[in-house]
Amino acid sequence: MTAELRLTLQSRLSSLKDLQESLDRFGDEQDWPANLRFQLRLALEELATNVINHGFGEEGHEFEIEISSSPDKVIVNVIDGARPFNPLEAPPAPNVEAPLDERPIGGLGVFLVRKISDEMFYRRTQGKNHLTIVKLRN
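Conventions we followed
- Residues numbered from 1 in each chain as written.
- Predicted model: local features only at pLDDT ≥ 70, side-chain atom pairs only at ≥ 80, totals over all residues.
- Heavy atoms only, no water.
- Buried < 20%, exposed > 50% of the residue type's maximum accessible area, 1.4 Å probe, protein only.
- Helix = DSSP H or I, 4+ residues; strand = E, 2+ residues; numbered from the N terminus.
- Pairing = 2+ DSSP bridges.
- Core = buried A, V, L, I, M, F, W, Y, C linked by side-chain atoms within 4.5 Å.
- Contact = heavy atoms within 4.5 Å.
- Salt bridge = Lys/Arg side-chain N within 4 Å of Asp/Glu carboxyl O.

Caption draft 1: Summary view of the pairing of strand S2 (residues 62–69). Here S2 shows a buried face lined by Phe-63, Ile-65, Ile-67 and Ser-69 and an unburied face lined by Glu-62, Glu-64, Glu-66 and Ser-68. When strand S1 (residues 3–10) meets S2, the two strands line up antiparallel, connected through eight bridges. By the bridge assignment, Thr-8 is partnered in S2 with Glu-64. Here S2 folds back onto strand S3 (residues 73–80) in antiparallel fashion, the turn holding three residues.

Given below as structure tokens:
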């Protein structure tokens, strides 16, 4: 059986609280294990923060998150009308072995989402970014 959650969020950082609360309720209903819940929370917080701060860069916009949960996987879609950004073509992974004081600020969000996801797809249609991540429930 597949369950779905659809959210429309405002392009402001305070929306992250609404996202996390909705995700927690949905995860409880779906009996997600703690590690799956943590990974999805982290990925969605990073993706939503990127849309808000880098995609739109200002308040007054909306974006959508759709989550589909089945016994074998969770599929997350993030849809926004912000400037085009394909995270699959993002810069190479940062050097996480470098000392902290030698690392540039930022750049870890997309890296983390790529590491967490089992599959990741991007397309731009009708002026919107559509990012899909798939997380297997294993």
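Caption draft 2: A look at the pairing of S3. In this structure, S2 lies alongside S3, joined through seven bridges in antiparallel fashion. Each residue of the ladder has a partner; that of Ile-65, found in S3, is Val-78. Here S3 runs beside strand S5 (residues 128–136); their pairing, made up of eight bridges, is antiparallel. Looking at S5, one finds that Ile-79 is bridged to His-130.

Caption draft 3: Just the nonpolar core, in detail. In this structure, Leu-19, Trp-32, Leu-44, Phe-63, Ile-65, Ile-67 and Val-76 are the most contacted members of the largest nonpolar core, which totals 31 residues. Put simply, the parts of the chain that give this core at least two residues each are S1, helix H1 (15–29), helix H2 (34–56), S2, S3, helix H3 (108–116), strand S4 (119–125) and S5. If you tally residues by element for this core, the top one is H2, at nine residues. Excluding residues that lie within four positions of it along the chain, Ile-65 makes contacts with Leu-5, Arg-6, Leu-7, Leu-9, Leu-19, Leu-44, Val-76, Asn-77 and Val-78.

Caption draft 4: Quick look at unusual backbone geometry. Positive phi outside glycine occurs at Asp-31, with the angle close to 55°. Tracing the backbone shows Asp-31 in the loop between H1 and H2. In this structure, Gln-126 is a non-glycine residue whose phi angle is positive, near 50°. Considering the arrangement of structural elements, one finds Gln-126 in the loop between S4 and S5. The class for Gln-126 is exposed, based on a relative accessible area of 82%.

Caption draft 5: Looking closely at the pattern of salt bridges. Scanning the model with the defined rule gives six salt bridges in all. The salt bridge involving Arg-6 is made with Glu-66; its shortest N-O contact spans 3.7 Å. Here the residue Arg-6 occupies a position in strand S1, and Glu-66 occupies one in strand S2, the gap between them amounting to 60 residues. A salt bridge links Asp-24 to Arg-41; its shortest N-O distance comes to 2.7 Å. Taken together, the residues Asp-24 in helix H1 and Arg-41 in helix H2 connect sequence positions 17 residues apart. Among the residues examined, Asp-24 registers a relative accessible area of 24% and is labelled partly exposed. A residue is classified by how much of its surface remains accessible, and Arg-41, at 28% relative accessible area, is partly exposed.

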